[in-house]
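Structural overview
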Amino acid sequence: MATVELRFSALPEHVRTARLVAAAVARRAGVDEAVLDEVRLAVGEACTRAVGLHRSNGVDMPVRVVLTEEEKKFSIEVGDEVPETPSGPGARAGDEASGHPAPGASGESGSEEGEDEGTMGLAVISGLVDDVEVVSGPGGGVIRMSWPTTPTVELP
Amino acid sequence: MDLSLSTRTVGDRTVVEVGGEIDVYTAPKLREQLVELVNDGSYHLVVDMEGVDFLDSTGLGVLVGGLKRVRAHEGSLRLVCNQERILKIFRITGLTKVFPIHTSVQEAVSATD
């Protein structure tokens, strides 16, 4: 069962909230202090990507973040509700995998920055997180990430 | 925390002091600032990131966009950053090879290629 689950409207201003919540829960779960910056950044990147996908595909549903404390690891799932289309992976408008972000995806139509951001988001996640999996299916896409935890000694 | 921006001129360089968090929500403000500076004829920019608490790929995208714009006018975009957590993001993405990164504003404004 998820330790904390968060759903937020696909708006850029809520990504910061998701970062703060994820870092707070990760800290409690025993993720090393030195790694919390990475957790914060990776969650931010995943949520930014999901918000971009929702907005460029006109999806009204919220972005979902599932934070789970497990025995020896802390895992985060960031899910979007943009289904994979029959034409194959990467066909989702604005998905960086397609290399063709939808116009206006970054709030500036046809901007070269939009493309740079999109490709760099996943690059940053894969550079930061050792255990990461990106999947997309008919129900939408999910980025799964996890970090090891050090067991905390319970004081009497 | 929101993003704070202030600019000042040092010789032929324009120093943009950035503070706070640069993410998907605040990055458009930084983009507007850089675009405005280039449109106004400032082609040699120094972005001081010492007050930045958080930077993500959206922010990197804006900086790369700024670099493209100044280069179109044979200008330059230099960064000032000593924070390991921020430098790490530039290293992961290979952008340390793209941006000259300095340890102080003084060093950046006096640097030449």
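Details of the structure are given in the entry above.
What comes next is a walk through the structure. Worth saying up front: this structure is predicted, and the values here are computed from it rather than measured.

1. Thoughts on the interface of chain A and chain B
- Residue-level contacts link 23 residues of chain A with 24 residues of chain B.
- Contact between chain A and chain B buries roughly 2,100 Å² in total, counting both sides, with carbon and sulfur atoms accounting for 56%.
- The closest approach of N and O atoms between Glu21 of chain B and Arg16 of chain A, which form a salt bridge, is 2.7 Å.
- On the surface where chain A and chain B come into contact, there are six residue pairs in polar contact (both at pLDDT 80 or more).
- At the level of secondary structure, the elements contributing two or more residues to the side of chain A that touches chain B comprise α1 (15-29), α2 (33-56) and α3 (112-128) of chain A.

2. As for the pattern of salt bridges
- Inspection of the entire model under this criterion finds 15 salt bridges over all chains.
- The salt bridge involving Arg85 of chain B is made with Asp37 of chain A; its shortest N-O contact spans 3.2 Å. You can see Arg85 of chain B sitting in helix α3 (residues 84-92) and its partner Asp37 of chain A sitting in helix α2, one on each of two chains.
- A salt bridge links Lys29 of chain B to Asp2 of chain B; its shortest N-O distance comes to 3.0 Å. Of this pair, Lys29 of chain B sits in helix α1 (residues 27-39) while Asp2 of chain B sits in the segment before β1 (4-10); the two residues are 27 residues apart in sequence, bridging distant segments of the chain.
- Since its relative accessible area comes to 45%, Asp2 of chain B is described here as partly exposed.
- Put simply, Arg16 and Arg19 of chain A together with Glu21 and Asp23 of chain B are held in one network by salt bridges that share partners.

3. Points about the pairing of strand β4 (residues 131-137) of chain A
Residues and elements named next belong to chain A.
- Examined bridge by bridge, β4 and strand β5 (residues 140-148) share seven bridges and lie antiparallel to one another. Residue pairing across strands places Glu133 opposite Arg144, the latter belonging to β5.
- Connecting β4 to the antiparallel partner β5 that follows it, the hairpin turn spans two residues.

What counts as what
Residue positions are given per chain, counting from 1 as you read along its sequence in written order. Written order decides the labels, with chains lettered from A and ligands numbered from 1. Where totals are concerned, whole chains, interfaces and linings use all residues; where local detail is concerned, this predicted model gives features only for residues with pLDDT of at least 70, and gives and counts side-chain atom pairs only at 80 or more. Side-chain numbers come from the whole structure's heavy atoms, not from hydrogens or water. In what follows, a contact means two residues having at least one pair of non-hydrogen atoms within 4.5 Å. Throughout, buried area stands for the accessible area (probe radius 1.4 Å) lost by two parts on being put together, summed over both. Here a salt bridge means any side-chain nitrogen of Lys or Arg lying within 4 Å of a carboxyl oxygen belonging to Asp or Glu. A 3.5 Å cut-off defines polar contacts: any pair of N or O atoms within that distance qualifies, except that in protein one atom must be a possible hydrogen donor and the other a possible acceptor, and neighbouring residues in sequence count only when both atoms are side-chain atoms. Counting from the N terminus, the helices are DSSP H or I runs at least four residues long and the strands are E runs at least two residues long. Buried means the residue's accessible area, taken with a 1.4 Å probe over protein chains only, is under 20% of the maximum for its type, while exposed means over 50%, and partly exposed covers the values in between. Strand pairing requires that DSSP identify at least two bridges connecting the strands.

Keep in mind that these numbers describe shape and distance, not what the molecule does.
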